[in-house]
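Coordinates in review
If you want the building blocks of each chain, they are given just below.
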Amino acid sequence: MGKVCIFFAPGYEEIEALAVVDLLRRAGIDTDMVSVTQEYEVTSSHGVTVKMDKLFDEVDFRTVDMIVLPGGMPGTKNLEAFEPLMEALDAFYKEGKCIGAICAAPSILGHRGMLKGRKACSFPEFESHLEGAEVTENPAEVSDFIITGRGMGCAVDFGLAIVEKFQGEEAAAALAGKVVYGHYQTRV
């Protein structure tokens, strides 16, 4: 089924984080919201405070199948500055385990050399940080085990791409229908 951890740092973009949590949980995918601070409550870039399921130190990465990084400022910078998360991200990349990032957060993957030779997308102002990637303007890009999303307006596409990765095209299309999202494009 898959286990996904979505990491929250102060200044995250709430729609990019919470829309993905919502879609994954609707799909029955075990999803934890994880704080990279020592506090269970994390406040977004727009002042929305959400209680997390876990603190970073409580995550057993041996049971996690995917790391997801929401964007937002300064959330993206705060995620990238949290070295324990970057070490876990590097380990996932090395093992070919699933990684997702949306909006500004794909810049983290670019900085770490994870996008070389891959199609990827991000918020337009961060496209120059997608080092070595073939940058697209698609709402979401799936390149093997890495999924990127363009921005807040593409959060549903990004979340559905993750659902498709774990459960297949039919499950993602069915969920899109259930949430009345008619624009989802499957990637056959």
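Basis of the calculations
Residues numbered from 1 in each chain as written. Predicted model: local features only at pLDDT ≥ 70, side-chain atom pairs only at ≥ 80, totals over all residues. Heavy atoms only, no water. Phe/Tyr/Trp six-rings, centres within 6.5 Å; stacked < 30°, edge-to-face > 60°. Buried < 20%, exposed > 50% of the residue type's maximum accessible area, 1.4 Å probe, protein only. Helix = DSSP H or I, 4+ residues; strand = E, 2+ residues; numbered from the N terminus. Lys NZ or Arg CZ within 6 Å of the ring centre and 35° of its normal. Axes fitted to C-alpha atoms, helices over the stretch in contact; angles between N-to-C directions. Left-handed = near helix turned anticlockwise from the far one by under 90°. Contact = heavy atoms within 4.5 Å. Nonpolar A, V, L, I, M, F, W, Y, C, P; charged D, E, K, R; others polar.

Some thoughts on the packing of aromatic side chains
Where two aromatic rings form a pair, the distance of their centres and the angle of their planes describe that pair. Within this structure, the stated rule accounts for seven aromatic pairs. Ring geometry for F8 versus Y12: centroids 4.8 Å apart, planes at 75 degrees, classification edge-to-face. Relative accessible area serves as the criterion here: at 0%, F8 is assigned to the buried category. Its relative accessible area of 1% is what places Y12 among the buried residues. Between Y93 and F145, the aromatic rings sit 5.8 Å apart at their centres with planes inclined by 50 degrees, giving tilted as the arrangement. Remark: F145 occurs in the loop between β10 (140–143) and β11 (146–149) and Y93 occurs in helix α3 (residues 83–95); sequence separation between them is 52 residues. Lying across the ring of F92, K97 places its NZ or CZ 4.3 Å from the centre. The ring of F145 is capped by R118, whose NZ or CZ atom sits 4.8 Å from the centre of that ring.

A look at the packing of helix α5 (residues 155–167) against helix α6 (residues 169–178)
Where α5 meets α6, the axes come as close as 7 Å, and the angle between the chain directions of the two elements is 145 degrees. Considering only the axes of α5 and α6, their crossing is right-handed. Contact residues: L160, V163, E164 and Q167 in α5; E169, A171, A172, L175 and A176 in α6. The residue inventory of the contact of α5 with α6, partitioned by class, reads six nonpolar, one polar and two charged.

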